Amino acid sequence: MGEKMVRLSVTIPEVLLNFLDEKVIKKGYSSRSEFIRDLIRETVIEDKWKSSEGEVVGVLTVIYDHHQRELTQKMIDIQHSRYINIMCTTHVHLDHHNCLETIIIKGSPSEIENIAVKIAGLKGVKFAKLTRTAKVEI
């Protein structure tokens, strides 16, 4: 990290400082500064997703009933129709009926959201959540 660091002074109400300190401790940050840097990076990622420009990454977490007829084939078909965007998948058997998959997808925000919506809407999918992220240069 050869970046030049700049000191910043911020004035906030004591109640917010107490909240900040609780979060820093609960999340295991080494300092307030690192926690605040992460909050800023999170905003940068949100802005990348909102701008619809450039490449971002999403992790789609899906829990589904693997006994649902043709569900796994439909999920595979959706992924293969956009195979350039699918970077990796993991598959875990949770119990006799339920499987968990994570699908890492790279592309434009709209492409990733489209794939996520198609998979989430399939009959037999019990839970689907898209985690939005991106490469952060800062």
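What you see is a predicted model, and the numbers here were worked out from it, not measured in a lab. (Residues numbered from 1 in each chain as written. Predicted model: local features only at pLDDT ≥ 70, side-chain atom pairs only at ≥ 80, totals over all residues. Heavy atoms only, no water.)

A. Broad picture of the nonpolar core. Of all hydrophobic cores here, the largest spans 21 residues; its most connected members are L60, V62, Y64, M75, I105 and I119. Elements with a minimum of two residues in this core: α2 (32-51), β1 (56-65), α3 (71-81), β3 (98-107), α4 (109-120) and β4 (125-133). Residue contacts for I105: discarding those within four places in its chain leaves V56, V57, G58, L60, N85, I86, I112 and I115. (Core = buried A, V, L, I, M, F, W, Y, C linked by side-chain atoms within 4.5 Å. Buried < 20%, exposed > 50% of the residue type's maximum accessible area, 1.4 Å probe, protein only. Helix = DSSP H or I, 4+ residues; strand = E, 2+ residues; numbered from the N terminus. Contact = heavy atoms within 4.5 Å.)

B. Examining the pattern of salt bridges more closely. For the coordinates displayed, the defined rule picks out seven salt bridges. We note a salt bridge from D21 to R32, for which the minimum N-O separation is 2.6 Å. Linking D21 in helix α1 (residues 14-26) with R32 in helix α2, this pair joins segments that are 11 residues apart in sequence. Residue R32 is classed as partly exposed on the basis of its relative accessible area, which comes to 41%. Linking R41 and D38 is a salt bridge whose minimum nitrogen-to-oxygen distance equals 2.7 Å. In this pair, R41 and D38 both sit in helix α2, three residues apart, roughly one turn of the helix. The class for D38 is partly exposed, based on a relative accessible area of 27%. The structure contains a network of salt bridges with shared partners spanning E34, R37, D38 and R41. (Salt bridge = Lys/Arg side-chain N within 4 Å of Asp/Glu carboxyl O.)

C. Quick peek at α4. The end-to-end C-alpha separation of α4 is 16 Å, in line with the 16 Å expected for 12 residues at 1.5 Å each. Every buried residue of α4 is listed here: P109, I112, I115, A116 and I119. Down the axis, α4 shows its buried residues gathered within 135° of arc, on one side only. (Expected span 1.5 Å × (residues − 1). Arc of directions from axis to C-beta.)

D. Region of the structure containing the state of the cysteines. Tallied over the entire structure, the rule returns zero disulfides. Of the cysteine sulfurs around C88, a residue in no disulfide, the closest is that of C99, at 16 Å. Judged by relative accessible area, which is 1%, C99 ranks as buried. (Disulfide = S-S within 2.5 Å.)

E. Geometry of the sheet that holds β1. If you walk across this open sheet you meet the four strands as β2-β3-β1-β4, and the pairing is antiparallel. Of all the strands in the sheet, just β2 (86-93) and β4 have a single pairing partner and so form its edges. When the angles between neighbouring strand axes are averaged without regard to direction, this sheet yields 15°. Both β1 and β4 contribute to a ladder of eight bridges, which runs antiparallel. The partner of V57 across the bridge, within β4, is T133. (Pairing = 2+ DSSP bridges. Axes fitted to C-alpha atoms, helices over the stretch in contact; angles between N-to-C directions.)

F. Up close: the pairing of β2. Pairing analysis gives seven bridges linking β2 to β3, with the strands arranged antiparallel. In the strand pairing of β3, I86 is matched with I105. Between the end of β2 and the start of β3, which pair antiparallel, lie four residues.

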